[in-house]
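In case you want the letters, here they are:
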Amino acid sequence: QVQLAESGGGLVQAGGSLRLSCAASGRTFSSYARGWFRQAPGKEREVVADIDWSGGSTYYADSVKGRFTISRDNAKSTVYLQMNSLKPEDTAVYYCAAGRRVGMVDYWGQGTQVTVSS
């Protein structure tokens, strides 16, 4: 059974940092692109960042460039999202995803809540 399990969400004050992790199990994901999405109340799910299978190519939404960093450890089947200088508008449920290539999602995690207080 394929599972993507997020962790690291929580409540933080504006300007603070959080590090999200997403551990994959049930199959080999080393050749898969990985990504992070978020969905705020009343809004559509949006891509935050993604990374190709090698870690050599990354993408960031304009709203998080310079503040968030995506990385992966294929030996641990884990992808990370380091979030710095958090803003209240970053408040959302954050989902990790895996796909056969960048831009494709074959698997979703259950999501982890990130709340940034002003």
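Engineer: Explain the overall build of the chain here, please?
Structural biologist: When you go through the chain residue by residue, the secondary structure sums to 0 helices and 11 strands. When the elements of the chain are put in sequence order from the N terminus, they spell out β-β-β-β-β-β-β-β-β-β-β. Since a compact globule built from 118 residues should have a radius of gyration of about 13 Å, the 13 Å found for the chain is in line with a globular shape. Dimensions of the chain along its principal axes, counting C-alpha atoms only, are 40 × 30 × 25 Å. For the chain, contacts bridging at least 24 residues in sequence account for 54% of all contacts bridging at least 6. Accessible area for the chain stands at about 6,200 Å²; split by element, carbon and sulfur atoms hold 45% of it. Between the mean site of the 13 positive side-chain charges and the mean site of the 10 negative ones, the chain shows a separation of 4 Å.

Engineer: Is there a simple way to explain the sheet that holds strand 3 (residues 18–25) in this structure?
Structural biologist: Pairing within the open sheet is antiparallel, and its 4 strands lie in the order 1-3-8-7. The open sheet has two edge strands with one neighbour each: strand 1 (3–7) and strand 7 (68–73). Sheet twist, expressed as the mean angle between neighbouring strand axes with direction ignored, is 15°. Relative to strand 8 (residues 78–83), strand 3 runs antiparallel, the two being bridged by 6 bridges. Bridged to Cys22 within strand 8 is Val79.

Engineer: What am I meant to see in the packing of aromatic side chains here?
Structural biologist: For any pair of aromatic rings, geometry is given as the distance between the ring centres together with the angle between the planes. Inspection of every chain in the model, using the stated rule, returns 5 aromatic pairs. Here the aromatic rings of Phe29 and Tyr32 are separated by 5.2 Å at their centres, their planes lie at 75°, and the arrangement is edge-to-face. For Tyr32, a relative accessible area of 8% puts it in the buried group. Ring plane angle 80° and centroid distance 5.5 Å describe the contact between Phe29 and Tyr107, whose orientation is recorded as edge-to-face. You can see Phe29 sitting in the loop between strand 3 and strand 4 (33–39) and its partner Tyr107 sitting in strand 10 (residues 107–108), a full 78 residues away along the chain. You can call Tyr107 partly exposed: its relative accessible area is 24%.

Basis of the calculations
- Every chain is numbered on its own, with residues counted from 1 as its sequence reads.
- Owing to the predicted nature of the model, reporting of local features is limited to residues with pLDDT of at least 70; listing and counting of side-chain atom pairs is limited to 80 or more, with chain, interface and lining totals taken over all residues.
- The side-chain numbers reported here are obtained from all heavy atoms of the structure, hydrogens and water having been left aside.
- Secondary structure elements are defined from DSSP: runs of H or I of at least 4 residues count as helices, runs of E of at least 2 residues count as strands, and each element is numbered from the N terminus.
- Here the radius of gyration uses the C-alpha set of atoms, whereas the globule reference equals 2.2 Å times the residue count to the power 0.38.
- Whether two residues are in contact is decided by their heavy atoms, any of which lying within 4.5 Å being enough.
- Shrake-Rupley sampling with a 1.4 Å probe provides the accessible areas, and residues are treated as covered by the protein chains on show and by no other component.
- By the counting rule applied here, Lys and Arg register as positive and Asp and Glu as negative, while His and the ends of each chain are not counted.
- Every charge is mapped to an atom, namely NZ of Lys, CZ of Arg, CG of Asp or CD of Glu.
- Two strands qualify as a pair provided that DSSP identifies no fewer than 2 bridges between them.
- To get an axis, a line is fitted to the C-alpha atoms, and for a helix only the part in contact is used. The angle between two axes follows their N-to-C directions and goes from 0 to 180 degrees.
- Here is the rule: rings of Phe, Tyr and Trp (six-membered ring for Trp) pair when centre to centre is within 6.5 Å. Planes less than 30 degrees apart are stacked, more than 60 are edge-to-face, and the remainder are tilted.
- Each residue's exposure class comes from its accessible area (1.4 Å probe, protein chains only) as a fraction of the maximum for that residue type: buried when under 20%, exposed when over 50%, partly exposed otherwise.

Note that all results are geometric; they support no functional claim without further evidence.
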